[in-house]
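# Chains, contacts and geometry: an overview
Spelled out, the chains give:
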Amino acid sequence: MRNEFEHEQLPQEEFERITIDSDQAERIEKPSLSFWQDAWLRLRKNKAAVVSVVVLLLFLILALIGPHLNGHAGDAQNLRHANLPPKIPGIEKMGIFDGVGNLAGKKVDLYEMKKVDEYYWFGTDGLGRDLFTRLWLGTQVSLFIAFVAAAIDMVIGVAYGGISGYYGGRTDDIMQRIVEILIGIPTLVVVILMIMIMDPGIMAIIIAISITGWIGMSRIVRAQTLKYKSQEFVLASRTLGSKDGKIITKHLLPNMLGIIIINTMFTIPNAIFFEAFLSFIGIGLQAPDASLGTLINDGYKVMEHQPYMLLFPALVISILMIAFNLIGDGLRDALDPKMKD
Amino acid sequence: MTKILQVKDLELSFHTFAGEVKAIRGVNFDLIKGETLAIVGESGSGKSVTTKSIMRLLPQSSAEYKNGEILFEGKDLTKVSEKTMQKIRGKDISMIFQDPMTSLNPTMTIGKQIMEPILKHQKLSKSKALEQTINLLNLVGIPNAESRYKMYPHQFSGGQRQRIVIAIALACNPKILIADEPTTALDVTIQAQILELMKEIQKKIDTSIIFITHDLGVVANVADRVAVMYGGKIVEIGTVDEIFYNPQHPYTWGLLSSMPSMDLADQKLYAIPGTPPDLLNPPKGDAFALRSEYAMKIDMERQPPFFKVSDTHYAATWLLHPQAPEVEPPAVIIERMKTFPGSRYYVEQTGGNA
Amino acid sequence: MVKYIGKRIVYMFITLFLIATVSFFLMQSLPGSPIASYSKLNETQRAIVEKKYGIDKPKPVQYAIYMKNLAKGDLGTSFAFKGKSVNDLLASRIKPSLILGAQAMVFGTLVGILLGMLAALKQNTFWDYGSTFFAILGISIPSFVFASLLQYWIASQWHLLPVGLWNDGWKSSVLPSLALAMGPLALSARFIRTEMIEVLSSDYITLAKAKGANGFEIAFKHAFRNALIPLITVLGPLAAGLVTGSLVVEQIFAIPGIGEQFVSSIMVNDHATIMGTTLLFSAFLIFIIFIVDILYGVIDPRIRLSGGKG
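Residues numbered from 1 in each chain as written. Chains lettered and ligands numbered in written order. Predicted model: local features only at pLDDT ≥ 70, side-chain atom pairs only at ≥ 80, totals over all residues. Heavy atoms only, no water.

As annotated in an unreviewed UniProt entry, chain C carries the name Oligopeptide ABC superfamily ATP binding cassette transporter, membrane protein and comes from Sporosarcina newyorkensis 2681. One UniProt comment on chain C, placed under Subcellular location (unreviewed entry), says "Cell membrane". Annotation of chain C in UniProt includes, under Sequence similarities (unreviewed entry), the sentence "Belongs to the binding-protein-dependent transport system permease family." (UniProt positions renumbered as here; feature names shortened; annotations may be inferred.)

Under an unreviewed UniProt entry, the name given to chain B is Oligopeptide ABC superfamily ATP binding cassette transporter, ABC protein, and the organism recorded is Sporosarcina newyorkensis 2681. Its UniProt record gives chain B the following Subcellular location (unreviewed entry) comment, quoted word for word: "Cell membrane". UniProt annotates chain B under Sequence similarities (unreviewed entry) with the comment "Belongs to the ABC transporter superfamily."

Below, the structure is given as structure tokens:
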């Protein structure tokens, strides 16, 4: 044991008694943060999620203003301008996006050959429509479908799961038997059957995606409701005379909000995927409407000669999906108190 | 009095997002062969970290040994290779954890889990190892060991699981057994059984035990010596009688005063005010000063060194400095000191009661 | 446990029965006639054809006949492939789909597990970030985009493997299997990583370390099995993803499998084949979910004796 047994002489006033303010001892060192402030700080630390949010906002803006940026209308056909490769002013001098494309195996400046003075930033399709404009129009449609489908899933799922879990008993029994059967039906089968019997279009796709999409949310919300409704703070509120409505809106929903948001963040990319999937196999949106799925389908057909037609929508859908998934991951990490250090 | 383990000036920090947490700030103690040393203190005082650092079980990515050494059989455990450490763990030094419900692998039979260290360290044949496993299970009081070694942890109760964890720890007759709050997660009746078991085993295999707990009742029951930790440091160390009946540090006073006692039923239970120090920014002086009603000016400026009370008893408080004013400990403590020969409040017992 | 399995089997049949019923009536309400491909028929010829396929009878009678046949395992007669039974049609096409599905599943989960383990054991290193990024790509990029890109670069541009069709032995199956494997790969990599990290921080891993186990023993003897077991729970979604993927991937690589045939039956309104395929897919996925639940009870000793979760 290494001790200092020889006591050095110290100034006597050092040994004056002092009184410690007991408030001082009870002081809480860290500033207290609300759940949402804390979650926000955590999300901000997640670089991937932050970048994703920025990219997503950028794409949202482009989806809104992109179709008006270069003066070409999305449905304006001009057969003389058909199948032009991408040409972007400025970048063209660098040897890419310079309007040079394949013609019978040879590299030719198709703009020069066809005497086109305009620039088609992402090229044109077989009908001479501007692909840049169509790409963002398609993104608009895809995002619209995804957001609406996710919102419907959320509303139905929360209502169904909430009612089932909150009222319990026989209501819960019946509602859960229905879910048990529905959950056995593969989503793919339902979506395809539904889309076949409806008139093709945006509404049909939204309905088809939402018809079983809410089940996942309803199960989560039911489980959460069951968990919270038996906890003391709910019991306390009930003892103080709160009505069901108040308990649900003041106590249950705020506690479940995090998990509902996370789940919704993962339904959006799922809906984007299903829309594109249906359009790709040819039973989704019909011409002349464009979505990311139909653009990819169109691009796929001519991939051999005009790969750019596939490339741009494929990139946009992939980046959108990545961004949504990363934001979802980030939110889950930020809102999940289990991971709290 | 062979010293089997010496911890000298140990300092250890965790690197976290918030910054460097100085979890251990200069810890010194020796472990003597065959003794039970209890380390007590509240949550976050560094008692668990100290023992985990002896076993080097802290995450290598965030924990850093800043200073000091841990001497075991001539080797400094803070410096030896991971391979050497693996040979020491489970063989020379083994450990019992707090929660028996989570410390066994749920998908491995308990027999395999007990056999693992035997096969690894003793190089026995499988059948010999199995024989030893069954002996161990009998030793720790699991009935029908011959048939039950094939079972999975979920088929045992909490107390039985802790017995199994003890069997694992004893598998290679370790020289040092570290018990990290081994009874905290158990029922009171089971706690007593486990404590009895540990005492019995210690007699049988003559091992040294480091017993971590925040339960002073348990300490009185099992320990030979006690080290009191606060804010990442040992503030007082001595034999169990010295700590219980002649405590010197205000924190030890606080701990003992907050212990409910039968014969002082009418007394209000004491609670130490305030919260443990923030080890991200440890205080400059005595870490306990902010919560102490005996604080002096110097407590705010300089960390107290250890002052010798007796050959076996040391305490780190400026109150023991010859220049310090004489203070009066809480009444409960004075009551205790009255029974301890050598304390300044000792009164010769004249009656028959001990 | 037996009671639980029995209950699950009953549920399985109820679900299948409902799917059959609902899809039957949905088919009936479809726009377009199932015999649209028989163009240029006059009234009498049409009547003959309708009689042949039994679609001249009232709907409830047709339904009863269909369900009766279904109970015997007979899926009816295809409208598009004249006179061929749906059973024969599916049987002739199941092999490529099964081969692709199995290859994708095995390759995807094995590589996924390896990547996930690597990421968890080397947490917060280059390996972790790399495999996590790869997993995000795999989850995010739709299978048809990935399949198109594979076909464009590897087959069309570099001529390393066939562009499509099912006539070049194992070479034909490489690209479609890869395209299908991306989903299971990414999902299992992510899943295993999360599970491994959780398991590695558990008390029993610390105890294993305290016993003197080395890094390899910790990872494979103690952690791996515990991290792997929960992977069974995502087999259901994985299989569903494979079926979904097979529809597009088989189409892109022109593979004569069930998925490709399903899409083309939709295009030509071949009701009997659409229904037959729908039922086959449903039965497959329902069965997988059933097996997963049973397996979970068998493999995990924690729930083995407590009689399932249901």
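Attention now goes to the overall build of chain C. Each helix and strand counted, chain C has 13 helices and 0 strands in total. Starting at the N terminus and walking to the C terminus, you meet the elements of chain C as α-α-α-α-α-α-α-α-α-α-α-α-α. Counting across all 310 residues of chain C, residues that qualify as buried make up 49%. Put simply, 72% of the contacts in chain C that link residues at least 6 apart link residues at least 24 apart. With an accessible surface of roughly 14,200 Å², chain C has 69% of that area assigned to carbon and sulfur atoms. (Helix = DSSP H or I, 4+ residues; strand = E, 2+ residues; numbered from the N terminus. Buried < 20%, exposed > 50% of the residue type's maximum accessible area, 1.4 Å probe, protein only. Contact = heavy atoms within 4.5 Å. Areas by Shrake-Rupley, 256 points an atom, 1.4 Å probe, with all protein chains shown as cover.)

Our next topic: the interface of chain C and chain B. Tallying the contact residues gives 22 residues for chain C and 27 residues for chain B. For the pair chain C and chain B, the summed buried area comes to about 2,100 Å², and 58% of that belongs to carbon and sulfur atoms. Applying the counting criterion to the chain C and chain B interface returns 3 salt bridges. We note a salt bridge from Lys120(B) to Glu217(C), for which the minimum N-O separation is 3.1 Å. Applying the counting rule to chain C against chain B returns 12 residue pairs in polar contact (both at pLDDT 80 or more). Secondary-structure elements contributing two or more residues to the side of chain C that touches chain B are helix 8 (203-210), helix 9 (215-228) and helix 13 (301-304) of chain C. The residue makeup of the side of chain C that touches chain B, split by class, is 7 nonpolar, 6 polar and 9 charged. (Buried area = accessible area lost by both parts, 1.4 Å probe. Salt bridge = Lys/Arg side-chain N within 4 Å of Asp/Glu carboxyl O. Polar contact = N/O pair within 3.5 Å; in protein donor to acceptor, adjacent residues only side chain to side chain. Nonpolar A, V, L, I, M, F, W, Y, C, P; charged D, E, K, R; others polar.)

All names here are of chain B. Across 11 bridges, strand 1 (residues 3-16) lies against strand 2 (residues 19-32) in antiparallel orientation. Directly across from leucine 5, in strand 2, lies its bridge partner leucine 31. Pairing between strand 1 and strand 4 (residues 63-72): 8 bridges, direction antiparallel. When the sheet's bridge partners are listed, serine 13 is paired in strand 4 with glutamate 64. (Pairing = 2+ DSSP bridges.)

Glancing now at the pattern of salt bridges. With the rule as written, the count across this model stands at 25 salt bridges over all chains. The residue Arg190(C) makes a salt bridge to Asp329(A) at a minimum N-O spacing of 2.9 Å. Note that Arg190(C) is positioned in helix 7 (residues 170-200) and Asp329(A) in helix 12 (residues 307-335), a pairing that runs across two chains. Residue classification places Asp329(A) among the buried positions, given a relative accessible area of 12%. Residue Lys199(B) is joined to Glu196(B) by a salt bridge in which the shortest nitrogen-to-oxygen separation is 3.8 Å. On the criterion of helical spacing, the pair formed by Lys199(B) and Glu196(B) is a turn pair, its members being 3 residues apart in helix 7 (residues 188-205). For Lys199(B), a relative accessible area of 27% corresponds to the partly exposed category. On the basis of relative accessibility, which here comes to 41%, the residue Glu196(B) falls in the partly exposed class. When salt bridges that share partners are traced, they join Glu73(B), Lys91(B), Asp92(B) and Lys175(B) into one network.

Moving on, we come to the domain arrangement of chain B. All names here are of chain B. Partitioning chain B into structural domains gives domain 1 (1-92 + 175-319) and domain 2 (103-171). With 16 residues of domain 1 at the contact, the number on the domain 2 side is 10 residues. Of the roughly 1,100 Å² buried between domain 1 and domain 2, counting both surfaces, carbon and sulfur atoms make up 73%. At the boundary of domain 1 with domain 2, the tally comes to 0 salt bridges. The tally of links from domain 1 across to domain 2 stands at 3 residue pairs in polar contact (both at pLDDT 80 or more). For the side of domain 1 that touches domain 2, the residue count by class is 9 nonpolar, 3 polar and 4 charged. (Domains from an automatic or database assignment.)

A word on the pairing of strand 6 (residues 93-96) of chain B. Residues and elements named next belong to chain B. Burial along strand 6 is two-sided: the residues Ile93 and Met95 and Ser94 and Ile96 are all buried. Pairing between strand 6 and strand 7 (residues 176-180): 4 bridges, direction parallel. Bridging from a neighbouring strand, isoleucine 96 pairs with alanine 179 of strand 7.

This part covers helix 3 (residues 59-71) of chain C. Residues and elements named next belong to chain C. For helix 3, built from 13 residues, the straight-helix expectation of 18 Å at 1.5 Å per residue is met to within 8% by its first-to-last C-alpha distance of 18 Å. By the burial criterion, the buried members of helix 3 are Gln62, Tyr63, Tyr66 and Met67. In a view along the axis of helix 3, the buried residues occupy a sector of 130 degrees, so they form one face of it. For helix 3, the exposed residues lying more than 90 degrees away from the buried face are Pro60, Lys68 and Ala71. Of the surrounding secondary structure, the elements contacted by the buried residues of helix 3 are helix 1 (2-28) and helix 12 (271-299). Positive phi shows up at glycine 73, right after helix 3, with a value of about 85 degrees. (Expected span 1.5 Å × (residues − 1). Arc of directions from axis to C-beta.)

With that settled, consider the interface of chain C and chain A. In this complex, chain C contributes 43 residues to the contact, which on the side of chain A involves 35 residues. Carbon and sulfur atoms supply 78% of the area buried between chain C and chain A, which totals about 3,500 Å² over both sides. Seen at the junction of chain C and chain A, the total is 1 salt bridge. At the boundary of chain C with chain A, the tally comes to 5 residue pairs in polar contact (both at pLDDT 80 or more). If you list the elements that add at least two residues to the side of chain C that touches chain A, you get helix 1, helix 5 (126-140), helix 6 (143-157), helix 7, helix 10 (235-252), helix 11 (258-267) and helix 12 of chain C. Considering only residue class, the side of chain C that touches chain A consists of 29 nonpolar, 12 polar and 2 charged.

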